[in-house]
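# Summary of the model geometry
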Amino acid sequence: MDYATRNFSDGRTMRAPRNNPMTAAKVALGEALFHETRLSVDGSRSCASCHQPSRGFGDGMPRTAGRSGAPLPRHTPSLWNVGHAGRLFADGRAASLEAQSLMPITQLEEMGRAPGTVTDGIRDDTHYRRWFAEAFPKAPFVNETNLAHALASYQRTLISGTTPFDRWLRGDRNAISVEAQRGFAVFAGPGNCAACHHSANLTDEKFHDIGLPDGDRGRGAVTGRRAHDHRFRTPSLREIGRTAPYMHDGSLPTLEAVVDHYSDHVTDRGQTMRRVHLSADNKRDLIAFLKTLDSMAPATKVARAERMQRE
C-alpha cells in the first residue's frame, strides 16, 4: 500500500494511505461515527461500547458479551497506536484500518449489520449528509467506503504520549526507578521480551505462538496453514498498564500473571516460545519496568472521547 506521512504536533508521524489522507473534517466525522450507536442493527452499541477511552480503548473484560449474550471469541484489543499496526486483529485478517473498520459493524455478534446496510441508520440524517460532504468533497456520499475511511482516520489520531521510559532513553537518568532499570535489563536479557517487543512501538508486528493452552487457531485459521496455528500478532506494550486483562483471550488479569505465564507456564508446542524461568526478584523488576510504558499525555484525548460518548 502506498502511504503518505502525516506530521503531528509532538513531532511524531503517522502513516496514512494516499487514497485516504487525513483531514480535520474526516477525523471529526470519524470520531462521531466511533460513538454512533445507529451503526449497530438495533441501536444498542457503538465502536466505543467496547473500545472505551477510560479503559485504554478496550473494555476491561476478558471477553465481552456479544449481542446474544454469549462471550465473543476474543478479548477486545486496545486501540492506542493502532495506526502504526500492519495487519489488524489478533489473527491479522484485516490488511488495513480501512478494511478493519467495517468488520465489527458487520459481525453478527458485535454490531450486527448486514454488508451493504452499514449506513442505513444514518444515511437520511441531514447532519451526517452535510458532514460527509465536508469530509469527502470529491465524493460527498454517505456510503460504506467513506464511513470506513473516516473511522480509520480517527483511529490514526489515537497516539499515546511520551512515557517515563522514553524520557530515560533520551538521557533523563531519573525518569525511571532503579528497579525499573533492572527490569529493562531483564526485558532485554533473560526475559527475552525484546525478541518480539522492540522498535518504537514495542512490537515486531509478527505472529507468534504465545503458549496459551486454548484451542484458538489464530493466524492459522486465516492462512489455512497448520504451521501458523496458535500464532497471534504481537501487541504494542505502550500503555500496557491501562489495558488489562491481557492476551487474545483475556485470560491473564494482571501484568504479574503475564510475567508468570512467560516465566513458568508456557505451553510448549515445539514453536519458538519457551519458558524463561525468572526469579521472584527478576519478575518484580520486570513489572516495575513495564509500568514505565504508560504515558500521561492520553488524558486529554480520553477526556474528549468520553465527552463524545456522553453526547
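In this text, all values refer to a predicted model and were calculated from it rather than measured experimentally.

With 37 residues, the main nonpolar core has L29, L33, F132 and L147 as its most contacted residues. Elements with a contribution of two residues or more to this core: α1 (24-34), α2 (47-50), α3 (97-106), α4 (126-135) and α5 (144-155). Per element, the largest residue contribution to this core is 6 residues, and it comes from α5. Setting aside chain neighbours within four positions, we find L33 in contact with L39, I122, Y128, F132, L147, A150 and L151. W168, I176, Y246 and F289 belong to the second-largest nonpolar core, a separate cluster that totals 28 residues.

For the structure on display, the rule yields 0 disulfides. C47 takes part in no disulfide bond, and the closest cysteine sulfur to it belongs to C50, at a distance of 9.0 Å. When its relative accessible area of 14% is taken as the criterion, C47 is described as buried. In this model C196 remains outside any disulfide bridge; the closest cysteine sulfur is found in C193, 9.1 Å from its own.

Let us now look at the environment of S199. Its location among the elements puts S199 in the loop between α7 (178-188) and β3 (207-209). Of the residues examined, S199 reaches a relative accessible area of 49% and is grouped as partly exposed. Separated by 37 residues in the primary sequence, S199 and S236 have C-alpha atoms spaced 9.7 Å apart. Here the side chain of S199 touches T203 through a polar contact of 3.1 Å, landing on its backbone oxygen.

Here the distance between the centres and the angle between the planes together describe a pair of aromatic rings. Using the criterion set out here, one finds 13 aromatic pairs in the structure. Ring pairs connect the aromatic residues F165, W168, F184, F187 and F289, which therefore count as one cluster. Sitting above the plane of the F89 ring, R93 keeps its charged end 3.7 Å from the centroid. Over the aromatic face of F207 sits the side chain of R219, whose NZ or CZ is 4.7 Å from the ring centroid.

Listing the buried residues of α7 in full gives A180, G183, V186 and F187. Angularly, the buried residues of α7 cover 105 degrees about the axis, an arc narrow enough to put them on a single face. Packed against the buried residues of α7 are α10 (280-290).

This brings us to the pattern of salt bridges. Scanning the entire structure with this criterion turns up 19 salt bridges. The residue E98 makes a salt bridge to R156 at a minimum N-O spacing of 2.8 Å. With a gap of 58 residues between them, E98 in helix α3 and R156 in the loop between α5 and α6 (164-169) connect regions that are remote in the sequence. Between D166 and R238 there is a salt bridge, and its shortest N-O distance comes to 2.9 Å. Within this pair, whereas D166 is found in helix α6, its partner R238 is found in the loop between β4 (231-233) and α9 (255-265), the two being separated by 72 residues in sequence. The residues D166 and R238 share a single accessibility class, namely buried. If you follow the salt bridges from partner to partner, you end up with R74, D91, R93 and D216 in one network.

Rules used in this analysis
Residues numbered from 1 in each chain as written. Predicted model: local features only at pLDDT ≥ 70, side-chain atom pairs only at ≥ 80, totals over all residues. Heavy atoms only, no water. Core = buried A, V, L, I, M, F, W, Y, C linked by side-chain atoms within 4.5 Å. Buried < 20%, exposed > 50% of the residue type's maximum accessible area, 1.4 Å probe, protein only. Helix = DSSP H or I, 4+ residues; strand = E, 2+ residues; numbered from the N terminus. Contact = heavy atoms within 4.5 Å. Disulfide = S-S within 2.5 Å. Polar contact = N/O pair within 3.5 Å; in protein donor to acceptor, adjacent residues only side chain to side chain. Phe/Tyr/Trp six-rings, centres within 6.5 Å; stacked < 30°, edge-to-face > 60°. Lys NZ or Arg CZ within 6 Å of the ring centre and 35° of its normal. Arc of directions from axis to C-beta. Salt bridge = Lys/Arg side-chain N within 4 Å of Asp/Glu carboxyl O.

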